[in-house]
Amino acid sequence: MYKLFFCLRRRSDLTREQFLEHWHGIHADIARRGASVLGAVRYIQNHTAALPINDALRASRGAPECFDGVVELWFNSVEDVSATFDEPEARAAIKALIVDEPNFIDLEASPIFLTESHSMWGADGQEGSLHSGVTLVSGDNGAIDSAFAAPLE
């Protein structure tokens, strides 16, 4: 499985809400209209959660600000990715998405790249895989926040 990731930062003149509204609405509609010709088997929008735990996670590693969200496009093969940029109908669908992107994305601050997936564990039926549902629970997030506040020793 090959996945195209697009790590999005919103334009500086947009609020988080305006960014998400455009991405989840207008832009997603454009993507749905072109879905049948893009060659991807899945399109996922990962919206960064506005939760205190993200601040703690960043602080634990000295990491930069979170992206506002991450797009995942899943492809079965590199040939399917290439076809997305070679086939005329697919190129038209991609062009519609690219034309809309500057309406809400800070393109210069938003990396895009292709990856090859290698499952290490999970709900894929492999022996030794972990349960698919993992939940962190804390009444006031204090335990979670303090767990991530310092690097693990």
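First, a word on scope: everything that follows refers to the structure included in this document. Every value quoted in this text rests on a predicted model; they were computed, and no experiment measured them. (Residues numbered from 1 in each chain as written. Predicted model: local features only at pLDDT ≥ 70, side-chain atom pairs only at ≥ 80, totals over all residues. Heavy atoms only, no water.)

**A closer look at the pattern of salt bridges**
Considering all chains together, one arrives at five salt bridges under this definition. Arginine 10 is paired through a salt bridge with aspartate 68; the nearest N and O atoms lie 2.5 Å apart. Taken as a pair, arginine 10 in the loop between strand S1 (2–8) and helix H1 (16–38) and aspartate 68 in the loop between helix H2 (52–61) and strand S3 (69–75) lie far apart in primary sequence, 58 residues in all. On the basis of relative accessibility, which here comes to 29%, the residue arginine 10 falls in the partly exposed class. Assessed through its relative accessible area of 12%, aspartate 68 is described here as buried. Close ionic contact of arginine 11 with aspartate 13 constitutes a salt bridge, the shortest N to O distance being 2.6 Å. Of the residues examined, aspartate 13 reaches a relative accessible area of 51% and is grouped as exposed. Through salt bridges that share partners, Asp55, Arg58 and Glu65 make up one connected network. (Salt bridge = Lys/Arg side-chain N within 4 Å of Asp/Glu carboxyl O. Helix = DSSP H or I, 4+ residues; strand = E, 2+ residues; numbered from the N terminus. Buried < 20%, exposed > 50% of the residue type's maximum accessible area, 1.4 Å probe, protein only.)

**Comments concerning the packing of helix H3 (residues 78–86) against helix H4 (residues 88–100)**
The interhelical angle for the contact between H3 and H4, taken along N-to-C directions, is 80 degrees, at an axis separation of 5 Å. By the angle between their directions, the pair H3 and H4 is classed as roughly perpendicular. Every residue of H4 that contacts H3 at Ala83, Thr84, Phe85 and Asp86 is listed here: Pro88, Ala90, Arg91 and Ile94. Classifying every residue of the contact of H3 with H4 by side-chain character gives five nonpolar, one polar and two charged. (Axes fitted to C-alpha atoms, helices over the stretch in contact; angles between N-to-C directions. Parallel < 35°, antiparallel > 145°, perpendicular 65-115°, else oblique. Contact = heavy atoms within 4.5 Å. Nonpolar A, V, L, I, M, F, W, Y, C, P; charged D, E, K, R; others polar.)

**Here we look at the environment of aspartate 13**
Its location among the elements puts aspartate 13 in the loop between S1 and H1. For the pair formed by aspartate 13 and phenylalanine 104, sequence separation is 91 residues and the distance between their alpha carbons is 9.0 Å. Side-chain polar atoms of aspartate 13 contact the side chain of arginine 11, separated by 2.6 Å. (Polar contact = N/O pair within 3.5 Å; in protein donor to acceptor, adjacent residues only side chain to side chain.)

**Some points on the nonpolar core**
In terms of nonpolar packing, the biggest core is built from 13 residues, with Leu8, Phe19, Trp23, Val71, Phe104 and Ile105 touching the most fellow members. Sequence-distant contacts of valine 71, that is, excluding residues within four places in its chain, are made with Leu4, Phe5, Phe6, Leu8, Trp23, Tyr43 and Ile44. Formed by six residues, the second largest nonpolar core is a distinct cluster that contains Ala31, Leu38, Ala93 and Ile94. (Core = buried A, V, L, I, M, F, W, Y, C linked by side-chain atoms within 4.5 Å.)

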